[in-house]
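Chain residues, written in single-letter form:
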Amino acid sequence: MRNLDRNITMLCPLCGNDQFSLVDEEYQELVDAPDNARHKCADCKSIYTKQEILAANAEKISIAADEMVQDAMQD
């Protein structure tokens, strides 16, 4: 079975940038941060929680999940 891992670039809900910095604490990856961890967009300086960023990118996440299911079914 092939590798089904997916990387999804999270985008700022306001400006569409994909670069964020943590406001309160340091984590290596967004996935490691708790849902309430605050992130600041590098371009527009808007601040969002991880949960808000994930919600704003829900469609992208859903599409990637559907693609992964299709790939798994083909295998």
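What this report covers is the structure whose coordinates are included nearby.

What counts, and where the lines are drawn
Residues numbered from 1 in each chain as written. Predicted model: local features only at pLDDT ≥ 70, side-chain atom pairs only at ≥ 80, totals over all residues. Heavy atoms only, no water. Helix = DSSP H or I, 4+ residues; strand = E, 2+ residues; numbered from the N terminus. Buried < 20%, exposed > 50% of the residue type's maximum accessible area, 1.4 Å probe, protein only. Lys, Arg positive; Asp, Glu negative; His and termini not counted. Charge placed at Lys NZ, Arg CZ, Asp CG, Glu CD. Pairing = 2+ DSSP bridges. Axes fitted to C-alpha atoms, helices over the stretch in contact; angles between N-to-C directions. Core = buried A, V, L, I, M, F, W, Y, C linked by side-chain atoms within 4.5 Å. Contact = heavy atoms within 4.5 Å. Salt bridge = Lys/Arg side-chain N within 4 Å of Asp/Glu carboxyl O.

## Structural notes on the overall build of the protein
Moving on, step 1. When its secondary structure is counted, the protein shows 2 helices and 3 strands.
Moving on, step 2. Ordered by position from the N terminus, the helices and strands of the protein form the series β-β-β-α-α.
Moving on, step 3. Viewed in the frame of its principal axes, the protein has a C-alpha envelope of about 40 × 25 × 15 Å.
Moving on, step 4. Counting every position in the protein, which comprises 75 residues, the buried fraction comes to 23%.
Moving on, step 5. The averaged location of the 15 negative side-chain charges in the protein is 4 Å from the averaged location of its 7 positive side-chain charges.

## Describing the sheet that holds strand β3 (residues 47-49)
Strands in a sheet are paired, the pairing made by backbone hydrogen bonds, and the direction either parallel or antiparallel.
Moving on, step 1. Taken in spatial order, the 3 strands line up as β1-β2-β3 in an open sheet, and their pairing is antiparallel. Sheet topology places β1 (20-22) and β3 at the edges, where each strand pairs with a single neighbour. Strand-to-strand twist in this sheet, taken as the mean axis angle between neighbours without regard to direction, amounts to 35°.
Moving on, step 2. Where β1 lies against strand β2 (residues 38-41), 3 bridges are found, and the strand directions are antiparallel. Opposite Leu22, over in β2, you have His39 as the bridge partner.

## Let's talk about the pairing of β2
Moving on, step 1. Here β2 shows a clear split, with His39 and Cys41 buried on one side and none of Arg38 and Lys40 buried on the other.
Moving on, step 2. Across 3 bridges, the pairing between β2 and β3 is antiparallel. By the bridge assignment for β3, Arg38 is matched with Thr49.
Moving on, step 3. Here β2 folds back onto β3 in antiparallel fashion, the turn holding 5 residues, of which Lys45 has a positive phi close to 70°.

## As for the nonpolar core
Moving on, step 1. Of all hydrophobic cores here, the largest spans 5 residues; its members are Met10, Cys12, Cys41, Tyr48 and Ile53.
Moving on, step 2. Look past the residues within four positions of Cys12 in its chain and what remains in contact with it is Asn17, Phe20, Cys41, Cys44 and Tyr48.

## Re the pattern of salt bridges
Pairing between side chains becomes possible if they bear opposite charge and their charged atoms approach one another.
Moving on, step 1. Tallied over the entire structure, the rule returns 1 salt bridge.
Moving on, step 2. The shortest N-O distance in the salt bridge between Asp71 and Arg6 comes to 2.2 Å. Of this pair, Asp71 sits in helix α2 (residues 58-74) while Arg6 sits in the segment before β1, and the two are 65 residues apart along the sequence.
Moving on, step 3. On the basis of relative accessibility, which here comes to 30%, the residue Arg6 falls in the partly exposed class.

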